[in-house]
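Chain by chain, the residues run as shown.
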Amino acid sequence: MSISIKTGLMALALLGSTALTAVTAQAADKEISWIYCGDTIDPVHTKYIKQWEEKNAGWKVAPEVVGWAQCQDKATTLAAAGTPVAMAYVGSRTLKEFAQNDLIVPVPMTDDEKKTYYPNIVNTVTFEGTQWGVPIAFSTKALYWNKDLFKQAGLDPETPPKTWAEEIEMAKTIKEKTGIPGFGLSAKTFDNTMHQFMHWVYTNNGTVIDADGKVTLDSPQILAALKAYKDIVPYSEEGPTAYEQNEVRAIFLDGKVAMIQAGSGAADRLKATKISWGITTLPLGPDAKGPGTLLITDSLAIFKGSGVEDKATEFAKFITSPDVQSEYELQGGAGLTPLRPSPKVDEFVAKDPHWKPLIEGISYGGPEPLFTDYKGFQNSMIEMIQSVVTGKAEPEAALKKAAGEIEAFK
């Protein structure tokens with residue numbers, strides 16, 4: 001979604017210049033303009049915007065709702081043209097790019113603030129030791145399984161796989177005994193194809209790029225993940241390159257696939273079906289140290305040059321503060337995982353145990369890798385996955401090729 005380098009940013013700004021004539025040159029004094037991704041403003045946010053305005057006389061928060069497909073590009077266009085909004089909802093993966101192009105300001109966290117989050121969350125917004133955004137949305141994945149299909153295949157419906165080897169073997173048994181795919185594999189040319197693979201990376205103690213910026217993709221841990229991906233293809237739905245994760249989820253909700261990796265939104269939808277289902281932490285690879293998952297956060301980025309950076313930062317921290325955030329993320333259906341532990345989260349887990357594995361996977365999870373050209377990195381990863389899934393390349397060759405390509409994107 002985002003433009004990779006500064007020349008690209010300026011090109012996008014020029015392309016959108018005619019649309020900018022109707023935009024105010026600078027965010028108005030006493031107003032915090034906010035590009036808000038989605039179709040409507042969440043009622044929880046509407047409620048707390050009003051509360052914040054009542055406590056900050058003379059200040060107004062002005063959210064502009066922009067569709068998911070356009071919101072990040074719009075924020076980028078305005079910033080690159082020198083007419084930034086005060087704040088925008090962005091994928092945390094883009095923060096490095098924005099920071100390196102001097103488009104956003106740091107939003108440092110105190111040690112006490114960092115401690116309020118689950119482990120590794122702050123890493124998703126940290127670049128060169130500094131935080132560049134305030135997390136506002138968070139997702140993890142767990143393994144869902146169809147107990148009816150397990151039983152139909154002669155498997156114990158109450159015993160899901162704990163390892164990749166068990167997962168592949170169970171998928172094989174289900175496919176052979178029932179004719180129904182044992183696992184839902186995402187391999188479409190779509191961003192979450194890379195995300196789905198990263199869950200395998202983080203359930204085998206792998207990394208794509210280390211803290212010093214060294215590419216570590218070509219490693220035994222990730223090679224094992226890519227080989228496992230290849231091994232499960234015969235027992236997955238036909239033509240995985242036609243499906244992204246929500247389409248795979250739809251097949252699962254139809255009872256036409258036995259296991260999927262999905263977030264909390266799947267549990268909410270499953271309650272409306274007659275499927276007997278279970279949820280557990282993602283199966284582990286041979287080098288795993290504990291339950292893992294890809295940690296995806298979206299953040300509020302504070303743009304440089306609006307003139308209200310300090311107040312926008314204050315508001316961003318308020319609208320993502322523990323009480324407000326927990327009310328927002330625990331509504332169900334949105335696919336969000338709580339960002340912080342709290343008594344309220346404990347209550348939710350006690351009432352609805354499906355939250356437990358989604359939270360447990362955080363312990364050994366890892367962030368979306370931060371690259372200056374994130375889109376280029378993502379495309380190389382998707383091409384690597386697809387080449388293995390379709391049999392066009394062996395895992396070793398595909399991995400070496402991708403590792404060489406993404407050097408240029410870091």
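For the chain, the name recorded in an unreviewed UniProt entry is Carbohydrate ABC transporter substrate-binding protein (CUT1 family), with Rhizobium laguerreae as its organism. Quoted verbatim from the Sequence similarities (unreviewed entry) heading of the UniProt record, the comment on the chain is "Belongs to the bacterial solute-binding protein 1 family."

I would appreciate a short explanation of the environment of Q72 in the present structure.
Along the chain, the position of Q72 falls in helix α4 (residues 68-80). On the basis of relative accessibility, which here comes to 4%, the residue Q72 falls in the buried class. The sequence separation of Q72 and A88 amounts to 16 residues, and the corresponding C-alpha distance is 7.8 Å. Within polar-contact distance, the side chain of Q72 engages the backbone nitrogen of G91 at 2.8 Å.

Looking at this structure, how should I read the pairing of strand β9 (residues 277-280)?
Put simply, side chains in a regular strand alternate between the two faces of the sheet. Of the two faces of β9, the one lined by W277 and I279 and the one lined by G278 and T280 are each fully buried. Pairing geometry for strand β7 (residues 142-146) and β9, over 4 bridges, is antiparallel. Following the sheet pairing, Y144 is matched in β9 by I279.

What is the right way to read the sheet that holds strand β8 (residues 259-262) from this model?
With antiparallel pairing, the 3 strands of this open sheet are ordered in space as β8-β7-β9. Strands at the two margins of the open sheet, each flanked by one partner only, are β8 and β9. On average, each strand axis in the sheet is tilted by 25° relative to the strand beside it, whichever way the strands run. Along the sheet face, helix α11 (residues 245-253) touches β7 and β8 and points at about 135° away from the line of β8.

Help me out: how do you make sense of the layout of surface pockets in this one?
To locate leftover empty space, one rolls a probe as large as a water molecule over the atoms. Looking at the second largest pocket, its volume works out to about 740 Å³. Lining the second largest pocket are 29 residues, with N123, I209, D210, A211 and P367 sitting closest to its centre. Broken down by secondary-structure element, the contributors of at least two residues to the lining of the second largest pocket are α5 (95-100), β4 (126-127) and β11 (366-367). When its residues are assigned to classes, the lining of the second largest pocket shows 10 nonpolar, 12 polar and 7 charged.

I'm lost on the pairing of β8 in this one. Help?
Of the two faces of β8, the one carrying M259 and Q261 and the one carrying I260 and A262 are both buried. Pairing of β7 with β8, which is carried by 4 bridges, proceeds in the antiparallel orientation. Bridge assignment links A142 to a residue of β8, and that residue is A262.

How should I be thinking about helix α14 (residues 322-329) in this particular structure?
Residue pairs spaced three or four apart in an α-helix point in one direction, given the helix's 3.6 residues per turn. Taken as a whole, α14 has its buried residues at V324, Q325, S326, Y328 and E329. Looking at the buried residues of α14, the elements they touch are α3 (43-55), β6 (134-139), α13 (309-319), α15 (343-351) and α16 (355-360).

Can you walk me through the side chain of T216 in this structure?
Within the secondary structure layout, T216 lies in the loop between α9 (191-201) and α10 (220-232). Residue classification places T216 among the buried residues on the basis of a relative accessible area of 18%. Among the polar contacts made by the side chain of T216, one reaches the main-chain amide nitrogen of I209 at a distance of 3.4 Å.

I keep staring at the packing of aromatic side chains and nothing clicks. Help me out?
The full count for this structure, using the stated rule, is 16 aromatic pairs. Note on W164 and W200: the rings are 5.3 Å apart at their centroids and 40° apart in plane angle, and the pair reads as tilted. Taken together, the residues span a long stretch of sequence, with W164 in helix α8 (residues 164-178) and W200 in helix α9 at a distance of 36 residues. A relative accessible area of 1% places W200 in the buried class. Summarising the aromatic geometry, the rings of F315 and F318 are spaced 6.5 Å apart at their centres and angled 40° between planes, so their arrangement reads as tilted. Placement of both F315 and F318 in helix α13 is noted, with a separation of 3 residues, approximately one turn of the helix. Three or more aromatic residues joined by ring pairs make a cluster, and in this case those are W34, Y36, Y48, W52, F315 and F318. Over the aromatic face of Y117 sits the side chain of R340, whose NZ or CZ is 4.3 Å from the ring centroid.

Definitions and limits used
- Residues numbered from 1 in each chain as written.
- Predicted model: local features only at pLDDT ≥ 70, side-chain atom pairs only at ≥ 80, totals over all residues.
- Heavy atoms only, no water.
- UniProt positions renumbered as here; feature names shortened; annotations may be inferred.
- Helix = DSSP H or I, 4+ residues; strand = E, 2+ residues; numbered from the N terminus.
- Buried < 20%, exposed > 50% of the residue type's maximum accessible area, 1.4 Å probe, protein only.
- Polar contact = N/O pair within 3.5 Å; in protein donor to acceptor, adjacent residues only side chain to side chain.
- Pairing = 2+ DSSP bridges.
- Axes fitted to C-alpha atoms, helices over the stretch in contact; angles between N-to-C directions.
- Contact = heavy atoms within 4.5 Å.
- 1 Å grid on protein atoms, 1.4 Å probe; cavity = no way out; pocket = protein on both sides within 12 Å on 5 of 7 lines; lining within 4 Å.
- Points joined across faces, edges and corners; volume = space filled by probe spheres on them.
- Nonpolar A, V, L, I, M, F, W, Y, C, P; charged D, E, K, R; others polar.
- Phe/Tyr/Trp six-rings, centres within 6.5 Å; stacked < 30°, edge-to-face > 60°.
- Lys NZ or Arg CZ within 6 Å of the ring centre and 35° of its normal.

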